Amino acid sequence: MFPQVRMRRLRSGKIRDMVRETSLSVDDLIYPMFVDENIDSPLAMSSMPGMSRLPVKMAADDAKEAADLGIPAVILFGIPSTKDEKGSSAWGEDDVVQRAVREIKNELGKDMYVITDVCLCEYTSHGHCGVVDMEHEQILNDPTLPLLGKTAVSHALAGADMVAPSGMMDGMISTIRDALDENNCKDVPIMSYAAKYSSAFYGPFREAADSGYSFGDRSSYQMDPANSDEAIREAELDILEGADVIMV
Ligand SMILES: [Zn+2]
């Protein structure tokens, strides 16, 4: 203890930088891209100044610009031309995200690490992250899982380097891990949005991804912002289910 221990000893001169525990560089950045099947030219998003939705044909050029800046990764969100109750345009071989992944990987290969958002809310007519029982206005957990598995596999087969499930469904990580492994994608890692709060902070995202919901809110699957213990538990569960990276 003090006076032998003096924490200030390492705080001056070159040693201060050497013992820095955290550093942030361009290597840490992921550039989000919103790819829209309905447009031919970029569409500015008022809630995220400087960001635009892009047509599929521009995805590779935009990713190239990011790569030229030294940004190692992008994460793709898709806005499909058709939406239905189940989000069927999330998992087709020629749907918007799958096409954008192929375009980027064809152009940039290993020079850009492509992550895909795996959720249904951009693809469902009601805008929720899962299958809905419309009569009771309930978001159903278990029937959603195989659809997320299918979506993740379709992204991986299109060339995605990593999948990022964001829907806060229970069991989504293990379901996706199994689906990837069964489809010869065992080396594709999963980044889980492990702790997501039901929050107005997602407002800009909902505009960007055109995923506002037609009834209710996301509070039956996203967490209460008052709960931090629960967030730790969510993260632990996702790691146990096989998440390679967790996001908070
Ligand atoms: Zn979602």
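Before reading on, note that the structure itself is shown above.
What comes next is a walk through the structure. These numbers were taken from a predicted model, which means no experiment stands behind them.

Reading the values: the criteria
Here the residue numbers are simple positions, counted from 1 along each chain's written sequence. Only residues with pLDDT of 70 or above have their local features reported here, since the model is predicted, and side-chain atom pairs are shown and tallied only from 80 upward, although totals for entire chains, interfaces and linings are computed over all residues. Side-chain figures throughout are based on the complete set of non-hydrogen atoms in the structure, without hydrogens or water. Counted as donors are N, O and S atoms no farther than 2.8 Å from the metal, or 3.2 Å for Na, K and Ca; water is not among the atoms, and sites may therefore look incomplete. Residue burial is assigned from relative accessible area. The probe radius is 1.4 Å, only protein chains are included, and a residue is buried under 20% of its type maximum, exposed over 50%, and partly exposed in between. Joining through side-chain atoms within 4.5 Å is the link that ties buried Ala, Val, Leu, Ile, Met, Phe, Trp, Tyr and Cys residues into a set, and such a set is a nonpolar core. Helix and strand assignments follow DSSP, with helices taken as H or I runs no shorter than four residues and strands as E runs no shorter than two, numbered in order from the N terminus. Any two residues whose heavy atoms approach within 4.5 Å are treated as being in contact. Note on disulfides: each one is a pair of cysteine sulfur atoms within 2.5 Å. Like charges within 9 Å and nonpolar side chains (Val, Leu, Ile, Met, Phe, Trp, Tyr) within 5 Å are joined into patches, using only residues over 30% in relative accessible area that form no salt bridge. The method behind every accessible area is Shrake-Rupley, applied with a 1.4 Å probe, and residues are considered shielded solely by the protein chains displayed. Definition used for salt bridges: Asp or Glu carboxyl oxygen within 4 Å of a side-chain nitrogen of Lys or Arg. None of His or the chain ends enter the tally, which takes Lys and Arg as positive and Asp and Glu as negative. Charged groups are reduced to one reference atom each: NZ for lysine, CZ for arginine, CG for aspartic acid, CD for glutamic acid.

1. Quick look at the coordination of the zinc ion
- In this structure, Cys119 (SG), Cys121 (SG) and Cys129 (SG) serve as the protein donors to the zinc ion, at separations of 2.2 to 2.3 Å.
- Mapping the donors of the zinc ion onto the primary sequence yields the spacing C-x1-C-x7-C. In this pair, the class of Cys119 matches that of Cys121, namely buried.

2. What to know about the nonpolar core
- Core analysis: the largest hydrophobic core is formed by 50 residues, its most contacted members being Met33, Leu76, Ile104, Val163, Met169, Ile176 and Leu180.
- Mapped by element, the contributors of at least two residues to this core are β1 (30-36), α2 (56-68), β4 (73-79), α3 (96-108), β5 (113-118), β6 (131-133), α4 (145-158) and α5 (172-182).
- Element by element, the count of residues in this core is highest for α4, at seven residues.
- Excluding residues that lie within four positions of it along the chain, Ile176 makes contacts with Val118, Leu148, Gly149, Ala152, Val163, Pro165 and Ile190.
- Counting 16 residues, the second-largest nonpolar core is a separate cluster that includes Met48, Ile75, Ile115 and Ala208.

3. Thoughts on the state of the cysteines
- One pass over the structure, following the stated rule, counts zero disulfides.
- Distance from the sulfur of Cys185, which forms no disulfide, to the nearest cysteine sulfur (Cys119) is 20 Å.

4. Observations regarding the environment of Val97
- Relative to the helices and strands, Val97 is located in helix α3.
- On the basis of relative accessibility, which here comes to 1%, the residue Val97 falls in the buried class.
- Once the C-alpha coordinates of Val97 and Val35 are considered, the two residues, 62 residues apart in sequence, prove to be 7.2 Å apart.
- Discounting chain neighbours no more than four positions away, the residues touching Val97 are Leu76, Phe77, Gly78, Thr116, Tyr123 and His155.

5. Describing a positive patch on the surface
- A cluster of basic side chains, namely Arg6, Arg8, Arg9, Arg11 and Arg16, defines a positive patch on the protein surface.
- If you trace the backbone, Arg9 turns up in the segment before α1 (14-18).

6. A look at the pattern of salt bridges
- In this structure the tally under the stated criterion is nine salt bridges.
- Here Arg177 makes a salt bridge to Asp244, at a shortest N to O gap of 3.8 Å. Of the two residues, Arg177 is situated in helix α5 and Asp244 in the loop between α7 (229-241) and β10 (245-247); the sequence distance between them amounts to 67 residues.
- Residue Arg177 is classed as buried on the basis of its relative accessible area, which comes to 13%.
- Classification of Asp244 as partly exposed rests on a relative accessible area of 48%.
- Shared partners join several salt bridges into a network, and the residues in it are Arg177, Asp181 and Asp244.

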